[in-house]
Amino acid sequence: MLSIEKGAARLQRDDVLAGFKKLLPISVFVVIFGVAFGLAAVQTGLDEVSILSMSTLVFAGASQFAVLKLWGTQVPLVPLMVTVFAVNARHLLMGATLYPWLRELPRAKRYGVMLVVSDANWAMAMQAFARGEAGLGLVLGGGLALWSTWILGTWLGLYFGSAIRDPVSLGLDMVMGCFLLAMVIGGQKNLRILVIWCVAAASSLLAYWYLPENSHVVVGALAGGILGAFWVEKKIEH
Amino acid sequence: MNIETTGHGPLIIVAVMALVTLATRWGGVFIMSFVPIGYRVQLFISAMSGSVLVALLTPLAVAGDNGARLALLSTAVVMLLVKKPLPAIAAGIVAAALVRAF
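Residues numbered from 1 in each chain as written. Chains lettered and ligands numbered in written order. Predicted model: local features only at pLDDT ≥ 70, side-chain atom pairs only at ≥ 80, totals over all residues.

Our focus in this paragraph is the interface of chain B and chain A. The interface is formed by 63 residues belonging to chain B together with 79 residues belonging to chain A. Secondary-structure elements contributing two or more residues to the side of chain B that touches chain A are β1 (2-4), α1 (9-32), α2 (39-63), α3 (66-82) and α4 (85-101) of chain B. At 22 residues, the largest contribution of residues to the side of chain B that touches chain A is made by α2(B). Residues that form the side of chain B that touches chain A fall into these classes: 43 nonpolar, 15 polar and five charged. (Contact = placed C-beta atoms within 7 Å. Helix = DSSP H or I, 4+ residues; strand = E, 2+ residues; numbered from the N terminus. Nonpolar A, V, L, I, M, F, W, Y, C, P; charged D, E, K, R; others polar.)

Below you can see the structure in the form of structure tokens.
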């Protein structure tokens, strides 16, 4: 059961700096993904200004790679919007899960923090909240670390993309997956949560196979969430 | 409707992507500001937060190659044993690299 500890919604300069430092190790790998994106974008035929402005303004790697697949002499507007929305729809859920803490902030800060929300900093923040610690500094500071290294990597990819020709054979494509899995396993575990995860996993797979592309994250997450809402935890007797 | 990828076209595409992505980053918070955070909503949120990652990772493991599968398995095992993320992630990457090298 999530409980909102006093002070967990804190967002001081120190929290942001600590969050930045905490996400720096994983950001090193974000540079590599950025290089891979920069190279793929050049090979797809995008110009440098478009590539750099995309990484800076969009800052959502999976959707950026997905758009490269749509790229031709023309890009159809509706499929473009649908693809980007579907791949990034998990941000909606992340925003919702952060809301109990974000609502303690003034509106401008609340939406400012959300500008840089991404998988890794969100997952770390949720873990911090689960321990009753402050987490919004991880979202903002960590997000700034991920954002700046994503842009740096993209820029390097324009010129030195061929330097890491094959990140897949080095296992580097698995860094983010393994990081997120470590976050999942590092969290609270009990029978109720394991069953919720199994339902989320099964729904996600069914959606992956049978529903429109890119719907699986939202379907799985909602299935797990709905089960959790109706399966009330037993109160712990003190 | 199509956007040309010449002239200002690419920048229009980037702008569309940026706006749609921003809507996903802001939308969840915006919608939640109309929802009273009761007990059941809190249960929903806390169950959903782990489920997002599980739903993201499951197809990666099932549809991925053996390198991806063994990477995730190694990370899971090391994380359960050592309870530290960095060794767990390192184990996963090494496992993927080894499987793909042979």
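Read on, since the account is not over.
Ranked by internal contacts, the top residues of the largest apolar core, which has 106 residues, are C178(A), F179(A) and L180(A). By residue number, the principal contributor to this core is helix α1 (residues 13-44) of chain A, which donates 13 residues. With sequence-adjacent residues up to four places away left out, L180(A) is seen in contact with D119(A), A123(A), L53(B), L56(B) and L57(B). (Core = buried A, V, L, I, M, F, W, Y, C linked by C-beta atoms within 7 Å. Buried ≥ 20, exposed ≤ 12 C-beta atoms within 10 Å, placed from the backbone.)

Attention shifts here to the packing of helix α5 (residues 90-102) of chain A against α1(B). Between α5(A) and α1(B), whose axes approach to 7 Å, the crossing angle comes to 45°. Here α5(A) is positioned oblique relative to α1(B), judged by the angle of their axes. As α5(A) runs across α1(B), the sense of the crossing is right-handed. Between α5(A) and α1(B), the residues in contact are H91(A), L92(A), L93(A), M94(A), G95(A), A96(A), Y99(A) and L102(A) and T24(B), R25(B), W26(B), G27(B), G28(B), V29(B), I31(B) and M32(B), respectively. Classifying every residue of the contact of α5(A) with α1(B) gives 10 nonpolar, five polar and one charged. (Axes fitted to C-alpha atoms, helices over the stretch in contact; angles between N-to-C directions. Parallel < 35°, antiparallel > 145°, perpendicular 65-115°, else oblique. Left-handed = near helix turned anticlockwise from the far one by under 90°.)

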